[in-house]
Amino acid sequence: MLDIRLLRENPELVAEGLRRRGLAAPLELFLELDARRRSLLTEAEALRNRRNTVSEEIARLKRAGREAEDLIEEMRGVSRRIKELDEAIQAVEERLAQEMLVLPNLPHPSVPDGSGEEDNLVVRVWGEARSLAFEPRPHWEVAERLGIIDFERGAKVAGARFVFYRGAGAKLERALINFMLDLHTEKHGYTEVFPPFLVNSGAMLGTGQLPKFAGDMFHVSGTDYYLIPTAEVPVTNLYREEILDGDRLPIYHVAYSACFRAEAGAAGRDTRGLIRQHQFNKVELVKFARPEESYEELEKMTRDAEEVLQLLGLPYRVVLLCAGDLGFASAKTYDLEVWFPAAGTYREISSCSNCEDFQARRANIRFRPGPKEKPRYVHTLNGSGVAVGRTVAAILENYQQEDGSVVIPPALRPYMGGLEAIRPE
RNA sequence: GGAGAGAUGGCCGAGUUGGUUGAAGGCGCUCGACUCGAAAUCGAGUAGGCGGCUGACGAGGUCGCCUCGUGGGUUCGAAUCCCACUCUCUCCGCCA
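Residues numbered from 1 in each chain as written. Chains lettered and ligands numbered in written order. Predicted model: local features only at pLDDT ≥ 70, side-chain atom pairs only at ≥ 80, totals over all residues. Heavy atoms only, no water.

Caption draft 1: Quick peek at the protein's contact with RNA strand B. Residues in contact with RNA strand B amount to 27 residues; listed here are only the nearest, Arg 48, Asn 49, Arg 76, Ser 79 and Arg 368. In the interface set of RNA strand B, defined as its atoms within 4 Å of the protein, sugar plus phosphate atoms amount to 79%. In this structure, Glu 45 approaches RNA strand B through a side-chain N or O atom, which is 3.1 Å from a base nitrogen. Every element with two or more residues in the surface near RNA strand B is listed here: helix H1 (4-9), helix H3 (27-63), helix H4 (69-100) and strand E13 (365-368). Along the lines of polarity and charge, the residues of the surface near RNA strand B split into six nonpolar, five polar and 16 charged. (Near = heavy atom within 4 Å. Polar contact = N/O pair within 3.5 Å; in protein donor to acceptor, adjacent residues only side chain to side chain. Helix = DSSP H or I, 4+ residues; strand = E, 2+ residues; numbered from the N terminus. Nonpolar A, V, L, I, M, F, W, Y, C, P; charged D, E, K, R; others polar.)

Next up, the structure:
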């Protein structure tokens, strides 16, 4: 959520940020609601002040055994008026919140202009996007020939965009999760958490999935539970409604979770393979940082995610998203895109974002800079470190051999019981 | 799922015949005094939010309002009375 004060005092700045995202927001409405709210509040407070003073007077009179009926009669009217004003205030505040909650975050000045993917900026490339000596097969063919992923039975038992991993495939998925968690906890200093996979609507509101993107998620009918689309949701909400000790910052968390996405509106896109599933695994990085350090932390977090791909020997590039391609809550995002030789393209495998205080304001996550100082909102960051299913897909395509086998990246072998390659049965 | 108990400030813990209790007391913490220094002792301070005025939309100052799990009700007035909900604990049942 944006700061209403920023909107009040600097509407042009907000309008400019929204325009860069390709949005025209009717800011006059906000200003009008805000002004109305404050004028009602002032009136109600003046009346409350009157009531409080007179109530003391009444108490004094009663103690002295005197009558106070005329004052009580006056206060009856005052209380009635206060109630009316409170109702009006509540209505205005609800309206204002409703409008504020659907406004996205403003892009950071370092974010380039642009309206979509094609305007994103490649900031660096790692590894060689090599073409293989033979005609590479897409990862789902590699997987099916090895019998390690069962797409058909996934569809039978659950539906389209669900799979069973089997044998070495299941083990590969599990090995990657452990490999990533170990790297981030042991080398990069993150503290592991294992979060709930279902959260309530308050948490979804905090990170920005609700109210605007309800259709992208699975909702357990008859309850207030939603299946998490990413561990970012429970982990960022860990410290909701808390004031953190400034000495603890920055806080680094890493979490494995299954992720569930309805993929509404994605009909026909990536229908084959592991790229776009309703359920997938992900290792997620989340940071809570002081505002003045958050952009430095974003760079470090991106490097931490990159190291996963480097150790696995997967060629990738880092892309800075343009203003028009930014996610709802993000002020600045780097995507990591990994090379897929069969498709001949780079595909997103990680997304690292600084949400600044946008989520912190919604979820009310603050920190005390020093003793006696006022609490301030933290900056929240999140990044995939990295998407596991897509990593499996990338390994299958990049490490496939002409005979149909797949070499296990050396860094992963300790997690695969020393296995050097997956071969057809 | 059934029965009961409870939810107060960073923590512990008073306060329920409604009226200087935003909140006693203790602990913790901060600052000061004492000390060569520390401990002990003494003194002062120690929640958050919102708004008005002042000031530059800053810092600061000042006035006021709200918050004793959450929401609603009764009342001139509610931490205190009533209702609903949430969460925690204990016992029973069930279960990985």
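Past the structure itself, the notes keep going.
Caption draft 2: Representation of the sheet that holds strand E7 (residues 242-245) in the model. The strand order across the open sheet built from three strands is E7-E13-E14, with neighbouring strands paired in mixed fashion. Edge strands, defined here as strands with exactly one partner in the open sheet, are E7 and strand E14 (376-377). Bridge analysis of E7 against E13 gives four bridges, and the strand direction is parallel. Bridging across to E13, Glu 242 finds its partner in Ile 365. (Pairing = 2+ DSSP bridges.)

Caption draft 3: Main features of unusual backbone geometry. Of the consecutive residues Leu 210 and Pro 211, the connecting peptide bond is found in the cis state with omega at 5°. Along the chain, Pro 211 turns up in the loop between helix H8 (201-207) and strand E6 (225-227). Geometrically, the link from Gly 385 to Val 386 is a cis peptide bond, its omega value of 0° lying close to zero. Tracing the backbone through its elements, the reader meets Val 386 in strand E15 (residues 379-387). Not every positive phi belongs to a glycine, and Glu 263 is a case in point at roughly 55°. Considering the arrangement of structural elements, one finds Glu 263 in the loop between strand E8 (251-260) and strand E9 (279-289). In this structure, Asp 270 takes a positive phi of about 50° despite not being glycine. Looking at the secondary structure, you find Asp 270 in the loop between E8 and E9.

Caption draft 4: A look at the side chain of Thr 380. Looking at the element boundaries, Thr 380 is found in strand E15. A relative accessible area of 0% places Thr 380 in the buried class. Non-local contacts of Thr 380, meaning those with residues more than four positions away in its chain, are made with Thr 236, Lys 287, Phe 288, Ser 353, Asn 354, Cys 355, Glu 356, Gln 359 and Ile 365. (Buried < 20%, exposed > 50% of the residue type's maximum accessible area, 1.4 Å probe, protein only. Contact = heavy atoms within 4.5 Å.)

Caption draft 5: The environment of Pro 109, seen in detail. As for its placement among the helices and strands, Pro 109 is situated in the loop between H4 and strand E1 (121-126). Once the C-alpha coordinates of Pro 109 and Leu 396 are considered, the two residues, 287 residues apart in sequence, prove to be 39 Å apart.

Caption draft 6: Summary view of the pattern of salt bridges. Counted under the stated rule, the structure contains 27 salt bridges. Among the salt bridges present, the one from Glu 43 reaches Arg 81, with a minimum N-O distance of 2.9 Å. Of this pair, Glu 43 sits in helix H3 while Arg 81 sits in helix H4, and the two are 38 residues apart along the sequence. On the accessibility criterion, Arg 81 (33% relative accessible area) is partly exposed. Across the salt bridge formed by Arg 317 and Glu 337, the nearest N and O atoms sit 2.8 Å from each other. (Salt bridge = Lys/Arg side-chain N within 4 Å of Asp/Glu carboxyl O.)

Caption draft 7: Spotlight on the packing of aromatic side chains. With the rule as written, the count across this model stands at 10 aromatic pairs. Relative to Tyr 252, the ring of Tyr 190 lies with its centre 4.8 Å away and its plane at 40°, an arrangement referred to as tilted. With Tyr 190 in the loop between helix H7 (168-187) and strand E4 (191-193) and Tyr 252 in strand E8, this pair connects stretches of sequence that are 62 residues apart. You'll find Tyr 190 and Tyr 252 in the same group, each marked buried. Geometrically, the ring pair formed by Tyr 239 and Phe 288 is edge-to-face, given 5.0 Å between the ring centres and 75° between the ring planes. One end of the pair, Tyr 239, is in the loop between helix H9 (232-236) and E7; the other, Phe 288, is in strand E9, with 49 residues separating them in the sequence. (Phe/Tyr/Trp six-rings, centres within 6.5 Å; stacked < 30°, edge-to-face > 60°.)

Caption draft 8: Focus on the nonpolar core. With 60 residues, the main nonpolar core has Leu 176, Met 180, Val 283, Leu 314, Leu 396 and Leu 412 as its most contacted residues. Take this core: its biggest share by element is eight residues, from H7. Other than its neighbours up to four places away in sequence, Met 180 contacts Val 283, Val 308, Gly 385, Val 386, Val 388 and Thr 391. The next biggest cluster of nonpolar side chains, apart from the first, holds 20 residues, and it includes Leu 7, Val 14, Leu 103 and Ala 329. (Core = buried A, V, L, I, M, F, W, Y, C linked by side-chain atoms within 4.5 Å.)

Caption draft 9: Broad picture of helix H5 (residues 139-146). Where H5 is concerned, the buried positions are His 139, Trp 140, Val 142, Ala 143 and Leu 146. Buried residues of H5, seen end-on, are gathered within an arc of 160° and therefore sit on one face of the element. Summarising the contacts, the buried residues of H5 are in contact with strand E2 (149-150), helix H6 (151-157), strand E11 (332-340), helix H12 (388-398), strand E16 (406-407) and strand E17 (421-422). Following H5 by one or two positions, Gly 147 adopts a phi angle in the positive range, close to 70°. (Arc of directions from axis to C-beta.)

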